[in-house]
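# Results of the structural survey
Next come the chains, spelled out residue by residue.
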Amino acid sequence: MQFELVNPERSLASLPADVVQVPGADGDMTIMPYHAPLVATLRPGVLTVEASGETSEYIVFGGFIQIQENSVSILAEKSVPRAEFSRPLFDEMLRQGQDELQALRELSSQFVNDAEKFVSDVKNLEQYIFS
Amino acid sequence: MPSLKDLKNRIESVKSTRKITKAMQMVAAAKLRRAQEAAEAARPYATKFNEVVGSLASSTVQSDSSPRLLVGTGSTQTHLLVVLTSERGLCGGFNSNIVKKVKAHAEKLLADGKQIKIVTVGKKGRDQLKRDYAHFFVGHFDFSDTKNINYSNAEEVSRDILSRFNSDEFDIATIFFSKFISVVSQEPQGLQVIPAEFNFDDADKSISTFFEYEPEEEAILKDLLPRGVTTQIFTGLLENGASEQGARMSAMDNATRNAGDMIDRLTIQYNRSRQAVITNELIEIISGAEAL
């Protein structure tokens, strides 16, 4: 199946893949060829792509996945290959999430849960990547 | 009649101006290529994004619980005009064309009795709008320190706009920017971003596929629509970047050519007056000799 990963600034990957693991908003998903058409949002996490025996990992933030006609497109606002992911970038993410959470708490809006989830997702990522 | 010395000075000064405009043209050409590449690279994301959101938006039933970013506030009273212009001048009619478009739009809204608010991005547009519309200004973004516009710049702008929308400061938001067509032609345009408008003709094709949604459609839309605003602003900023460099390039090309013409004209004038001076001197010598 055709796999594509794009962020707003450039296209990161476009290749035929065998297996794709995505951090879906409601839980991780493994996508095999001929998956049913799907649209889902992503939570901050690690995206794994297996293509011809090689596994590559990407860190994705805020985006969604669309599966259609045996092609998987992932559009993520922030996505970087794992090797390029650095501490400053992570801190920036976490700070942004926390700022948002703070702002929403002040407004006592119904989105507080979402923001809380975002922050805890980012923190989980920290353990995964940096430990 | 300017003296020879004056003419010489003028020629020198026009020559150095030509050097500067020539250099600016070449810099603009290099930057244009980069800006075009950036705009090109961003296209897949924007296209795909609009396709998905468009098909989502057209397939969900519009109800009271539909996201306000999609259906609007129910009023069209207050308009927010987001004006994207450049931070630097010397780019021909680029900024003026955008400002002209904004003014036409603003006048029409005001004539209809609507209220307007203006957010400016880029110093040049702000300066030009200040005279007539300063009392409508509600915000300004300065990206003069940013070398290459990136997505986080667009995020900054859209976050501000969305928070204004959430606090009911306006009903409809339109962004103004210049679409890059070619080096000699950039088309200023207004694009409504809130409530979102989609070209449903494009979306119809993918509608035939039945998608599973996770979480449900409405939650996805709620998540995606704010990003859609950011994406559109980002596209606007990138188009503007390419347009600005294109406009500057052709403006500087004209300026260089004008300077060349001017130098030619001044040189002819200089040579003629030098010849006149020589002739005069000869006449004086000859008539002096004859008088003896």
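Heads up: the structure comes first, above all this text.
Let me sum up the structure you'll find in this document. Everything quoted here is computed from the prediction, not taken from an experiment.

## A short note on the overall build of chain B
What chain B contains, in helices and strands, is seven helices and six strands. Moving toward the C terminus, one meets the helices and strands of chain B in the order α-α-β-α-β-α-β-α-β-β-α-β-α. Compactness check: chain B gives a C-alpha radius of gyration of 28 Å against a globular reference of 19 Å for 292 residues, more than 25% above the reference. If you line up chain B on its principal axes, its C-alpha atoms span 110 × 40 × 30 Å. Within the span of chain B, comprising 292 residues, buried residues form 43% of the whole. Here the contacts in chain B between residues at least 6 apart in sequence split such that 77% fall between residues at least 24 apart.

## With respect to the packing of helix 3 (residues 94–111) of chain B against helix 4 (residues 123–133) of chain B
All names here are of chain B. In the contact formed by helix 3 and helix 4, the axes pass within 10 Å of each other and the chain directions differ by 35 degrees. Crossing handedness for the pair helix 3 and helix 4: right-handed. Contact residues: helix 3 offers Asn 95, Ser 96, Val 99, Val 102, Lys 103, Ala 106, Glu 107 and Leu 110, while helix 4 offers Lys 124, Gly 125, Gln 128, Leu 129, Asp 132 and Tyr 133. Taken together, the residues that form the contact of helix 3 with helix 4 break down as six nonpolar, four polar and four charged.

## Looking at the nonpolar core
With 45 residues, the main nonpolar core has Val121(B), Ile161(B), Ile194(B), Leu224(B), Leu225(B) and Ile233(B) as its most contacted residues. Every element with two or more residues in this core is listed here: helix 1 (4–59), helix 2 (68–71), strand 1 (78–84), strand 2 (115–121), helix 5 (151–166), strand 4 (172–182), strand 5 (185–194) and helix 7 (217–291) of chain B. Sorting elements by how many residues they give to this core places helix 7 of chain B first, with nine residues. Among all residues touching Leu225(B), those that are not within four sequence positions of it are Val53(B), Pro67(B), Leu69(B), Leu70(B), Ala196(B) and Phe198(B). In terms of nonpolar packing, the next biggest core, distinct from the first, is built from 23 residues, Val20(A), Ile31(A), Ala51(A) and Ile65(A) among them.

## As for the environment of Glu218(B)
All names here are of chain B. For Glu 218, the position within the fold is in helix 7. Overall, Glu 218 belongs to the partly exposed group, its relative accessible area being 25%. For the pair Glu 218 and Leu 56, spaced 162 residues apart in sequence, the C-alpha to C-alpha distance is 8.7 Å.

## Some details on helix 4 of chain B
All names here are of chain B. Those residues of helix 4 that sit buried are Gly 125, Leu 129 and Tyr 133. The buried residues of helix 4 occupy one face: seen down the axis, they fall within an arc of 30 degrees. Contact partners of the buried residues in helix 4: strand 1, helix 3, strand 2 and strand 3 (137–141).

## Some details on helix 7 of chain B
Its 75 residues place the ends of helix 7 of chain B 108 Å apart at the C-alpha level, agreeing with the 111 Å of an ideal helix rising 1.5 Å per residue. At Leu224(B), helix 7 of chain B shows its maximal bend, which comes to roughly 30 degrees, and the proline Pro226(B) appears one to four places after that position.

## A short note on the packing of helix 5 of chain B against helix 7 of chain B
In a packed pair of helices, the relevant descriptors are the angle between the two axes and the axis-to-axis distance. Residues and elements named next belong to chain B. With their axes 8 Å apart at the nearest point, helix 5 and helix 7 run at an angle of 125 degrees to one another. As far as their axial angle goes, helix 7 and helix 5 are oblique. Classified by chirality, the crossing of helix 7 by helix 5 is right-handed. In contact with Tyr 151, Ala 154, Glu 155, Val 157, Ser 158, Ile 161 and Leu 162 of helix 5, helix 7 contributes Pro 226, Arg 227, Val 229, Thr 230, Thr 231, Ile 233, Phe 234 and Leu 237. Its residues placed into classes, the contact of helix 5 with helix 7 shows ten nonpolar, three polar and two charged.

Scoring rules and cut-offs
- Residues numbered from 1 in each chain as written.
- Chains lettered and ligands numbered in written order.
- Predicted model: local features only at pLDDT ≥ 70, side-chain atom pairs only at ≥ 80, totals over all residues.
- Heavy atoms only, no water.
- Helix = DSSP H or I, 4+ residues; strand = E, 2+ residues; numbered from the N terminus.
- Rg over C-alpha atoms; globule rule 2.2 N^0.38 Å.
- Buried < 20%, exposed > 50% of the residue type's maximum accessible area, 1.4 Å probe, protein only.
- Contact = heavy atoms within 4.5 Å.
- Axes fitted to C-alpha atoms, helices over the stretch in contact; angles between N-to-C directions.
- Left-handed = near helix turned anticlockwise from the far one by under 90°.
- Nonpolar A, V, L, I, M, F, W, Y, C, P; charged D, E, K, R; others polar.
- Core = buried A, V, L, I, M, F, W, Y, C linked by side-chain atoms within 4.5 Å.
- Arc of directions from axis to C-beta.
- Expected span 1.5 Å × (residues − 1).
- Bend = angle between axes of the 7 residues up to and from the residue.
- Parallel < 35°, antiparallel > 145°, perpendicular 65-115°, else oblique.

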